[in-house]
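# Structural overview for review
This is what each chain is made of:
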Amino acid sequence: MKALNQEIHLPRLRKANVSLWIKREDQLHSQISGNKYRKLKFNILEARKQSVKKLLTFGGAFSNHIAATAYAGKLYGLSTIGVIRGEELANSWRENPTLMQAYENGMEFKFISRQEFRLKNEPGFIEKLKSEFGEFYLLPEGGTNSLAIKGCEEIISDGDRDYDFICVAVGTGGTISGISNAVFSHQKVLGFPALKGNFLQEDICKFAPRENWKLVENYHFGGYAKVDQNLVNFINDFKKETEIPLDPIYTGKMIYGILDMVDQGFFKENSRILAIHTGGLQGIKGMNENLKKKNLPLICV
């Protein structure tokens, strides 16, 4: 499946004599959009090949991966289990737009403490889950594994050859790994982490052996799911100017970073930049609930 590349026309880009295009992976599917579609594609095929009827995965309260896995399960006739970080959600999850949507698409939940959530990759913990739920096909948090990388490699097509930079938001590192493997030899991949800290480098190296990528760690706005009024205003203004919605956790921060780097002269004149829109728009409703509590402006939907 191929996504449309849409050129962005803004005065700051013309002033710097730099062109920016956005690959609209968010439009691949109404419910399984962006990189989640790519990550799930080959994993779903493998689960069906193994004749496994149940998917189990991990995520937080507003996880795009949880929402996408629930719908994919419904679409392909697989039951789904979401192991959710935060035992306090057990009594309030119906107030959470992401979890309610996943539930309506058939997902069963298990809420665990943050301490227990850290054991999600431990074999003993996985065995405990199997004794509780029976056999299942395991999807890691964020969906990143070798089959997900294979899917993300398909984001880049022959038509993307003319770009100098490929930019992507980074969560667990799977999408940037697939893109790094697939880009052409003259291209540089810039990753914009949504999380604070430099721990992703090692994880990405496991899947992306080429030395064609770099993490830009200045635009996380304080860490995962952290936003401020400046970012909200930017996302709303960008939508007015381009008619492209951005999510506040991933793509909003990435596009903010790209344009700030353009202003600072990071990109040489005549540079051609392709930014990957990885979807995640379902998370805007939940973010707006948090913004209301802080009396901050809301993100336009």
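Our subject is the structure listed above.
Residues numbered from 1 in each chain as written. Predicted model: local features only at pLDDT ≥ 70, side-chain atom pairs only at ≥ 80, totals over all residues. Heavy atoms only, no water.

What follows covers helix 11 (residues 251–263). Between the first and last C-alpha of helix 11 there are 18 Å, a value that for 13 residues agrees with the 18 Å anticipated at 1.5 Å per step. Taken across its 13 residues, helix 11 has eleven buried, putting it largely inside the fold. All of the buried residues along helix 11 are Thr251, Gly252, Lys253, Met254, Ile255, Tyr256, Gly257, Ile258, Leu259, Met261 and Val262. Each element contacted by the buried residues of helix 11 is listed here: helix 1 (11–16), strand 2 (19–23), strand 7 (165–170), strand 8 (188–193), helix 10 (229–242) and strand 10 (272–276). (Helix = DSSP H or I, 4+ residues; strand = E, 2+ residues; numbered from the N terminus. Expected span 1.5 Å × (residues − 1). Buried < 20%, exposed > 50% of the residue type's maximum accessible area, 1.4 Å probe, protein only. Contact = heavy atoms within 4.5 Å.)

Attention shifts here to the sheet that holds strand 9 (residues 213–215). Spatially, six strands are ordered 1-2-10-7-8-9 in an open sheet, and the strand pairing comes out mixed. Strands with a single pairing partner mark the edges of an open sheet, and in this sheet they are strand 1 (5–8) and strand 9. The average undirected angle you get between the axes of adjacent strands in this sheet is 25°. Pairing between strand 2 and strand 10: five bridges, direction parallel. (Pairing = 2+ DSSP bridges. Axes fitted to C-alpha atoms, helices over the stretch in contact; angles between N-to-C directions.)

On to the pattern of salt bridges, then. Per the counting criterion, the structure on display carries eleven salt bridges. In this structure, the salt-bridge partner of glutamate 88 is arginine 114, at a minimum N-O distance of 3.1 Å. Of the two residues, glutamate 88 sits in the loop between strand 4 (79–85) and helix 4 (97–104) while arginine 114 sits in helix 5 (residues 114–117), which places them 26 residues apart along the sequence. Among the residues examined, glutamate 88 registers a relative accessible area of 45% and is labelled partly exposed. Here the residues in one salt-bridge network are Arg85, Lys120 and Glu141, joined through shared partners. (Salt bridge = Lys/Arg side-chain N within 4 Å of Asp/Glu carboxyl O.)

Working note: non-glycine residues mostly have negative phi, and peptide bonds are mostly trans. With a phi close to 60°, serine 51 is a non-glycine residue in the positive phi region. In the Ramachandran plot, asparagine 270 falls in the positive-phi region, its phi being about 75° despite a non-glycine side chain. Position of asparagine 270 relative to the elements: it lies in the loop between helix 11 and strand 10. Taking relative accessible area as the criterion, asparagine 270 reaches 55% and is therefore assigned exposed.

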